[in-house]
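Coordinate analysis (summary)
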Amino acid sequence: MKNLFTFYGGVHPPDQKNTSNHPIEEMPIPEKVVIPLIQHTGIPSKPLVSLGDTVLENQKIAEAAGHISVPIHSSVSGKVTDIRAFLHPVIGKPVESIVIECDGKHRVFKPEKTHVDYYRYSPKDLIQVIKDAGIVGLGGAAFPTHVKLSPPKDVIINNIIINGAECEPFLTADDRLMREYSKEVIEGTKIIMYIMDAMKGFVAIEDNKQPAIEIFKKIVFNEPNIDLAVLPTHYPQGAEKQLIKVLLNREVPSGGLPLHVGVVVDNVGTAYSINRAVKEGENLYNRIVTVAGNGIETPKNIKVRVGTLISDIAKFCGGTTKDLAQVIMGGPMMGIAQTSLDVPVLKGTSGILFFTKNDIIDRQYFDCFRCGKCIRVCPMELFPNALSIYIENGRIDEAKAFHPLDCIECGCCAYTCPAQRPIVQQIKWAKTQINKK
Ligand code: SF4
Ligand code: SF4
């Protein structure tokens, strides 16, 4: 097993991974799905269907609109009943979406060709397959995977890290995927290594997932170029830059990418989806989601179709409790609070958390009293306190001197701040202001 290094800062929030022993259940086909044209980082996709069109499951319904863009596929068979702006769970405002009423028949579009013997195809061909399948990073950021796998010609990628750290509390979707689909994850890893011509691959798992670790120990025993890396449980271990530091002791430069230090990091779900796309011709239209928290009657891990509404998922999980107070899409550290249950699951949705009044903290915050705790936990070695104070006072130019664009929005600062300052929201807002200029 791999020797490890450490990264600066980080926190240890309680695990709360109570769904880790809940096997993945497939959610029945919903009555309708709402599929937003923005599901990835980059340019929104362009619709290819019109009102009244009949579509099949796995059929392309929107095309990529540039290099940093991916197509979108229908997650059900049925009829397009609306194309209109619909509340988006990440952007927080309406975004053009394709609404499909399901016929309940599960009619699937079959691709003309699959690539079971992938090594007979060129890396360029396989990258095109991955783009055509609409694959994005499933760890949350939803960055188009074909772009990640297409570094500039002079860049050599020698290490692939498959990220199964799943360091956010509550989330167990990746854990279940690794336990139930370990072979597919490894096959996806090998496809990525072949595409990148990388000599070494790692599957990185935090040590709070012992059953998954035992499974992968056995699998990598037969894979001379793939190692298992068991990481100490420490948030945000699963962040790309921290993972690279811990595994390879390489530092991604400020404003740089993992490729600048010869590494590609992909989530375990992404590796699984790549295997499905390449060998089975299955486009990315469903994913595993953890549904958890005291505000939902029956927490589960579910395989769910992209576009399924949270309200339908809540019903499938026995309904919400009377004292439901907040719904978060994603994990509690980096997730996004929702204002409505009528928002759809996206390709990047890893969890839906239902919290009661007792679970959430009073949002009232106070002046910074310079305790320095946020500085000690910031894994990017920033000064969150200074950023918070300057941004609060609208002094963005002065805040820039403290590198807000390097913030990975992990939430460690806000988690540890005794004054409960909304540091991450402030930095996120400042980033949008800086990027506008
Ligand atoms: S400033 Fe950003 S990177 Fe640093 S702890 Fe806060 S959220 Fe994380
Ligand atoms: S943890 Fe909060 S109170 Fe302490 S220095 Fe940072 S922002 Fe200020």
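1. Digging into the packing of helix 3 (residues 173-180) against helix 7 (residues 268-280)
Working note: a packed helix pair is described by the angle between its axes plus the distance between those axes. Following both chains from N to C, one finds helix 3 and helix 7 inclined at 45 degrees, their axes separated by 9 Å at the closest point. Considering the angle they form, helix 3 stands oblique to helix 7. Judged by the twist between their axes, the crossing of helix 3 over helix 7 is left-handed. The segment helix 3 lies against helix 7, with Asp 174, Leu 177 and Met 178 engaging Val 268, Gly 269 and Tyr 272. Residues that form the contact of helix 3 with helix 7 fall into these classes: four nonpolar, one polar and one charged.

2. Comments concerning the site of ligand 2
In the vicinity of ligand 2, the contacting residues are Cys 368, Phe 369, Arg 370, Cys 371, Gly 372, Cys 374, Asn 385, Cys 417, Pro 418, Ala 419, Arg 421 and Ile 423. In terms of residue class, the shell around ligand 2 is built from eight nonpolar, two polar and two charged.

3. Quick look at the side chain of Arg 421
Residue placement: Arg 421 occurs in the loop between helix 12 (412-416) and helix 13 (423-436). The buried category is assigned to Arg 421, whose relative accessible area is 3%. Side chain to side chain, Arg 421 and Glu 392 meet in a polar contact 2.8 Å long.

4. Re the pairing of strand 17 (residues 351-356)
Within a regular strand, the side chains alternate between the two sheet faces. For strand 17, the buried fraction is high: six of the six residues fall into the buried class. Residue alternation in strand 17 divides its side chains into two sets, Gly 351, Leu 353 and Phe 355 and Ile 352, Phe 354 and Thr 356, and both sets are buried. Note: strand 15 (residues 324-329) against strand 17, five bridges, orientation antiparallel. Within strand 17, the residue paired with Gln 326 across the bridge is Phe 355.

5. Examining the domain arrangement of the protein
Split by domain assignment, the protein resolves into domain 1 (118-280) and domain 2 (373-436). If you average the C-alpha positions of domain 1 and of domain 2, the two centres end up 29 Å apart. With seven residues of domain 1 at the contact, the number on the domain 2 side is six residues. Summed over both partners, the interface of domain 1 with domain 2 comes to about 520 Å²; 57% of that surface belongs to carbon and sulfur atoms. At the junction of domain 1 and domain 2, the tally comes to zero salt bridges.

6. With respect to the pattern of salt bridges
Considering all chains together, one arrives at 20 salt bridges under this definition. For the salt bridge of Asp 397 with Lys 400, the shortest nitrogen-to-oxygen distance reads 3.6 Å. Of this pair, Asp 397 and Lys 400 both sit in helix 11 (residues 396-400), separated by three residues, roughly a single helical turn. By relative accessible area, Lys 400 is classed as partly exposed at 36%.

7. Quick look at the site of ligand 1
As a matter of local geometry, ligand 1 sits amid Cys 378, Pro 379, Met 380, Pro 384, Cys 407, Ile 408, Glu 409, Cys 410, Gly 411, Cys 412, Cys 413 and Ile 427. For the shell around ligand 1, the residue count by class is ten nonpolar, one polar and one charged.

8. A few points about helix 6 (residues 240-248)
Of all nine residues in helix 6, eight are buried; the element is thus mostly enclosed. Regarding helix 6, the residues found buried are Lys 241, Gln 242, Leu 243, Ile 244, Lys 245, Val 246, Leu 247 and Leu 248. Buried residues along helix 6 sit against strand 9 (159-164), strand 10 (200-206), strand 11 (226-231) and strand 12 (263-267). Just beyond helix 6, the residue with positive phi is Asn 249, at close to 55 degrees.

9. Quick look at the sheet that holds strand 6 (residues 72-73)
Strand order in the open sheet made by the three strands is 3-5-6, with antiparallel pairing throughout. Across the chains shown, the open sheet's two edge strands, defined by having one partner strand only, are strand 3 (46-47) and strand 6. Two strands pair when backbone bridges link them, and strand 3 and strand 5 (residues 60-63) are joined in this way by two bridges, in the antiparallel orientation. Residue pairing in the sheet places Pro 47 in a bridge with Ala 62 of strand 5.

10. Topic: the packing of helix 10 (residues 384-392) against helix 13
Two elements in contact, helix 10 and helix 13, have axes separated by 9 Å at closest approach and are oriented at 60 degrees. Both helix 10 and helix 13 take part in a crossing whose hand is left-handed. Residues Pro 384, Leu 387, Ser 388, Ile 391 and Glu 392 of helix 10 pack against Ile 423, Gln 426, Ile 427, Trp 429 and Ala 430 of helix 13. Taken together, the residues that form the contact of helix 10 with helix 13 break down as seven nonpolar, two polar and one charged.

11. A look at unusual backbone geometry
A cis geometry characterises the amide bond from Tyr 235 onward to Pro 236, with omega recorded as 0 degrees. Inspection of the secondary structure puts Pro 236 in the loop between strand 11 and helix 6. Positive phi, normally seen in glycine, also occurs at Phe 170, with a value near 75 degrees. Positionally, Phe 170 belongs in the loop between strand 9 and helix 3.

12. A few points about the state of the cysteines
Linking two cysteines covalently via their sulfur atoms produces the bond known as a disulfide. Summed over the entire model, instances satisfying the criterion amount to zero disulfides. The thiol of Cys 167 is unpaired, and the distance to the nearest cysteine sulfur, on Cys 412, comes to 8.6 Å.

Criteria and thresholds
- Residues numbered from 1 in each chain as written.
- Chains lettered and ligands numbered in written order.
- Predicted model: local features only at pLDDT ≥ 70, side-chain atom pairs only at ≥ 80, totals over all residues.
- Heavy atoms only, no water.
- Axes fitted to C-alpha atoms, helices over the stretch in contact; angles between N-to-C directions.
- Helix = DSSP H or I, 4+ residues; strand = E, 2+ residues; numbered from the N terminus.
- Parallel < 35°, antiparallel > 145°, perpendicular 65-115°, else oblique.
- Left-handed = near helix turned anticlockwise from the far one by under 90°.
- Contact = heavy atoms within 4.5 Å.
- Nonpolar A, V, L, I, M, F, W, Y, C, P; charged D, E, K, R; others polar.
- Near = heavy atom within 4 Å.
- Buried < 20%, exposed > 50% of the residue type's maximum accessible area, 1.4 Å probe, protein only.
- Polar contact = N/O pair within 3.5 Å; in protein donor to acceptor, adjacent residues only side chain to side chain.
- Pairing = 2+ DSSP bridges.
- Domains from an automatic or database assignment.
- Buried area = accessible area lost by both parts, 1.4 Å probe.
- Salt bridge = Lys/Arg side-chain N within 4 Å of Asp/Glu carboxyl O.
- Disulfide = S-S within 2.5 Å.

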